[in-house]
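Structure at a glance
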2 protein chains.
Amino acid sequence: MTGAVRVVGIGPGPSSLVTPEASAALAEATDVVGYHRYVSRLSLSAAQVVHRSDNGDELERARHALGLAQNGARVAVVSGGDPGVFAMAAALFEAIERGPSEWRDLDVGVLPGVTAMLAAAARLGAPLGGDFCAINLSDNLKPWSLIEKRLTLAAQADFVIALYNPASRARPQQIHDAFALLRRVRPAHTLVAFATAIGRPDEAVAISSLADADPGLADMRTLVIIGASSTRRVDRWIYTPRRTEA
Amino acid sequence: MTGAVRVVGIGPGPSSLVTPEASAALAEATDVVGYHRYVSRLSLSAAQVVHRSDNGDELERARHALGLAQNGARVAVVSGGDPGVFAMAAALFEAIERGPSEWRDLDVGVLPGVTAMLAAAARLGAPLGGDFCAINLSDNLKPWSLIEKRLTLAAQADFVIALYNPASRARPQQIHDAFALLRRVRPAHTLVAFATAIGRPDEAVAISSLADADPGLADMRTLVIIGASSTRRVDRWIYTPRRTEA
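Residues numbered from 1 in each chain as written. Chains lettered and ligands numbered in written order. Predicted model: local features only at pLDDT ≥ 70, side-chain atom pairs only at ≥ 80, totals over all residues. Heavy atoms only, no water.

Along its length, chain A carries seven helices and 13 strands. The C-alpha atoms of chain A give 19 Å as radius of gyration, which agrees with the globular expectation for 246 residues (18 Å, within 12%). The buried share of chain A, reckoned over its 246 residues, is 61%. Partitioning the contacts of chain A with sequence separation of at least 6, the portion at a separation of at least 24 is 69%. For chain A, the accessible surface area stands at approximately 9400 Å², while carbon and sulfur atoms represent 48% of it. Computed over 25 positive and 25 negative side-chain charges, the separation of the two mean positions in chain A equals 5 Å. (Helix = DSSP H or I, 4+ residues; strand = E, 2+ residues; numbered from the N terminus. Rg over C-alpha atoms; globule rule 2.2 N^0.38 Å. Buried < 20%, exposed > 50% of the residue type's maximum accessible area, 1.4 Å probe, protein only. Contact = heavy atoms within 4.5 Å. Areas by Shrake-Rupley, 256 points an atom, 1.4 Å probe, with all protein chains shown as cover. Lys, Arg positive; Asp, Glu negative; His and termini not counted. Charge placed at Lys NZ, Arg CZ, Asp CG, Glu CD.)

With that settled, the discussion passes to the interface of chain B and chain A. Between chain B and chain A, the contact holds 71 residues from the first and 71 residues from the second. For the chain B and chain A pair, buried surface summed over both sides reaches about 6000 Å², with 61% attributable to carbon and sulfur atoms. Here chain B is connected to chain A by twelve salt bridges. The residue Asp131 of chain A makes a salt bridge to Lys142 of chain B at a minimum N-O spacing of 2.5 Å. In this assembly, chain B and chain A are joined by 30 residue pairs in polar contact (both at pLDDT 80 or more). In terms of residue class, the side of chain B that touches chain A is built from 39 nonpolar, 14 polar and 18 charged. Inspection of the sheet shows strand E7 (residues 132-136) of chain A paired to strand E7 (residues 132-136) of chain B by three bridges, in the antiparallel sense. Each bridged residue has a counterpart across the sheet, and for Phe132 of chain A the counterpart in E7 of chain B is Ala134 of chain B. (Buried area = accessible area lost by both parts, 1.4 Å probe. Salt bridge = Lys/Arg side-chain N within 4 Å of Asp/Glu carboxyl O. Polar contact = N/O pair within 3.5 Å; in protein donor to acceptor, adjacent residues only side chain to side chain. Nonpolar A, V, L, I, M, F, W, Y, C, P; charged D, E, K, R; others polar. Pairing = 2+ DSSP bridges.)

This next bit is on empty space enclosed by the protein. Applying the stated criterion across every chain, the model contains two cavities of 30 Å³ or more. Space inside the largest cavity adds up to approximately 60 Å³. Looking at the largest cavity, the residues that line it are Gly130, Asp131, Asp158, Val160, Ala228, Ser230, Thr240 and Thr244 of chain A together with Arg150 of chain B. Per-class residue counts for the lining of the largest cavity are two nonpolar, four polar and three charged. Taken together, Arg150 of chain A together with Gly130, Asp131, Asp158, Val160, Ala228, Ser230, Thr240 and Thr244 of chain B make up the lining of the second largest cavity. Among the residues forming the lining of the second largest cavity, the class breakdown is two nonpolar, four polar and three charged. (1 Å grid on protein atoms, 1.4 Å probe; cavity = no way out; pocket = protein on both sides within 12 Å on 5 of 7 lines; lining within 4 Å. Points joined across faces, edges and corners; volume = space filled by probe spheres on them.)

What follows is about the pattern of salt bridges. Following the criterion strictly, the structure yields 26 salt bridges over all chains and no others. A salt bridge links Asp158 of chain A to Arg150 of chain B, with the shortest nitrogen-to-oxygen separation between them at 3.9 Å. Note that Asp158 of chain A is positioned in the loop between helix H6 (144-156) and strand E8 (160-164) and Arg150 of chain B in helix H6 (residues 144-156), a pairing that runs across two chains. The pair formed by Asp158 of chain A and Arg150 of chain B is uniform in burial state, with each residue classed as buried. Residue Asp107 of chain B pairs with Arg6 of chain B through a salt bridge whose shortest N-O separation is 2.9 Å. In this pair, Asp107 of chain B sits in strand E5 (residues 107-111) while Arg6 of chain B sits in strand E1 (residues 4-9), placing the two residues 101 residues apart along the sequence. Look at Asp107 of chain B and you get partly exposed, because its relative accessible area is 35%. Connected through salt bridges with shared partners, the residues Asp131, Asp158 and Arg186 of chain A together with Lys142 and Arg150 of chain B form a single ionic network.

So, about the relation of the copies chain B and chain A. There are two copies of the chain, and a rotation about an axis plus a shift along that axis relates them. Overlaying chain B on chain A yields an RMSD of 0.0 Å, the required transformation being a rotation through 180 degrees with an accompanying axial translation of 0.0 Å. Put plainly, the chains are arranged around a two-fold axis. Considering only C-alpha atoms, the residue of chain B closest to the rotation axis is Cys133 of chain B, which sits at 1.9 Å. In this assembly, 100% of the residues forming the interface of chain B have copies in chain A that are likewise at the interface, indicating an isologous arrangement. (Least-squares fit on C-alpha atoms with pLDDT ≥ 70 in both.)

Within the structure shown, the criterion is met by twelve aromatic pairs over all chains. For the ring pair Trp237 of chain A and Phe93 of chain B, a centre distance of 5.1 Å and an interplane angle of 50 degrees mean the geometry is tilted. Here Trp237 of chain A, found in strand E13 (residues 237-239), pairs with Phe93 of chain B, found in helix H4 (residues 88-98), and the two come from separate chains. (Phe/Tyr/Trp six-rings, centres within 6.5 Å; stacked < 30°, edge-to-face > 60°.)

Another point: the state of the cysteines. In protein structure, a disulfide is the covalent linkage between the sulfur atoms of two cysteines. In total, this model carries zero disulfides over all chains according to the counting rule given. In this model Cys133 of chain A remains outside any disulfide bridge; the closest cysteine sulfur is found in Cys133 of chain B, 6.7 Å from its own. (Disulfide = S-S within 2.5 Å.)

A few words on unusual backbone geometry. In this model, Ala197 of chain A sits at a positive phi of 55 degrees, which is unusual for a non-glycine residue. Along the chain, Ala197 of chain A falls in the loop between strand E9 (191-196) and strand E10 (204-209). Using a relative accessible area of 0% as the deciding quantity, one classes Ala197 of chain A as buried. One non-glycine residue with positive phi stands out, namely Asp158 of chain B, at about 60 degrees.

All names here are of chain B. It is at 8 Å that the axes of helix H3 (residues 58-70) and H4 come closest, and there the two elements cross at 65 degrees. Between H3 and H4, the angle falls in the class roughly perpendicular. Here H3 runs over H4; the crossing is right-handed. Only Met88, Ala91, Leu92, Glu94, Ala95, Ile96 and Arg98 of H4 make contact with H3, whose side of the interface consists of Glu58, Leu59, Arg61, Ala62, Arg63 and Leu66. Residue composition of the contact of H3 with H4, grouped by class: eight nonpolar, no polar and five charged. (Axes fitted to C-alpha atoms, helices over the stretch in contact; angles between N-to-C directions. Parallel < 35°, antiparallel > 145°, perpendicular 65-115°, else oblique. Left-handed = near helix turned anticlockwise from the far one by under 90°.)

Right, here's the structure in full:
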């Protein structure tokens, strides 16, 4: 039997947002590798071997999965949202690049999912209706100066900006610094939305202007969206029109 | 009976990438509104009224759906990929904003889906592993000068860049102009990928350097990805490492 690895995106939370392709890959896996909070969302059979891990060391998790596959296992690596967006897929290919050459011959694939940005946008209306960017606000893996540069250029480009990982217990200050920066570049009336735990029972949404926004609303389960100059509020929704004038 | 509108994202093509939430909304709809190519992908019952349209005039399609819901219909507006990304959701809220006030009281919702960028990235490896942006290259609804500005700033920010709608029969030149611009800002060895008709039987992928890339490979079914400076090739995949040095 030949082993395989599938990096499986399970979406933002509810099972109704897990694709049939992802569900099938999870059902067929002999081994399931993942952060314990993601794994605990799944319905697995007693015959499947579950390898739970902490949130850290994605590279080690990827190596573990590849090693299991090398020994013939059909491995599903569970990823929240979409595996390619600030999640497990990049770690897998990094592990392959640095690992033994046999890993390149393994049957490896990535199964896309609904990333947090899309679920949050759907809940809010259509804020990503124009050109947009996604920035991971964590400086665990890149210098804060690069994040500042990207925020500044994105604001100048008038992109809608989606901020992933805006805050955590270890990084409470950065979303405040990011808002201070954005307030210097974007107009005060720019629309801002905080979408927390979307698709889960305790989901919460807050919409305000950039001037009035409280960055303290963001925690590690929050996706923050900064509107473009054309982003508008209509009743309980925000949206970015398809048409943009010069 | 109270009407409702759901803008339903059906993903990039295969039914295995349609979420259960989207499938349920389609099954429950009394009326299905959408571009005929998207509608023709669906399995619908004879009891459902299908309103097929051309690709154009999304605002009129949105108004049609809202009018049906006002008369009590449960309407599914079908959108390829994710409805919020260069698709039908923004048109719906624009129609609501401009329409009769009763439309604001309708039961309206957006159901997210796997957008083309995520499906293409999964097929290629993990090119969106770092910060990224999505730019619609069509100038049907915005000035080309704004697209040039965003491309330039995105390249300066070292974002991975996903280009939607890179070319069509009516707009064959713009992807060539975009590549000429990017070649002035980004190094020649920057990785570029063309992902065409991902998830469909005739899907095709091409990876090259920015210097060697042939923009003529792009058509209206292609998603183009321009790597960041850190984006790497490993065997048959490309990926952007999670870690970025200063």
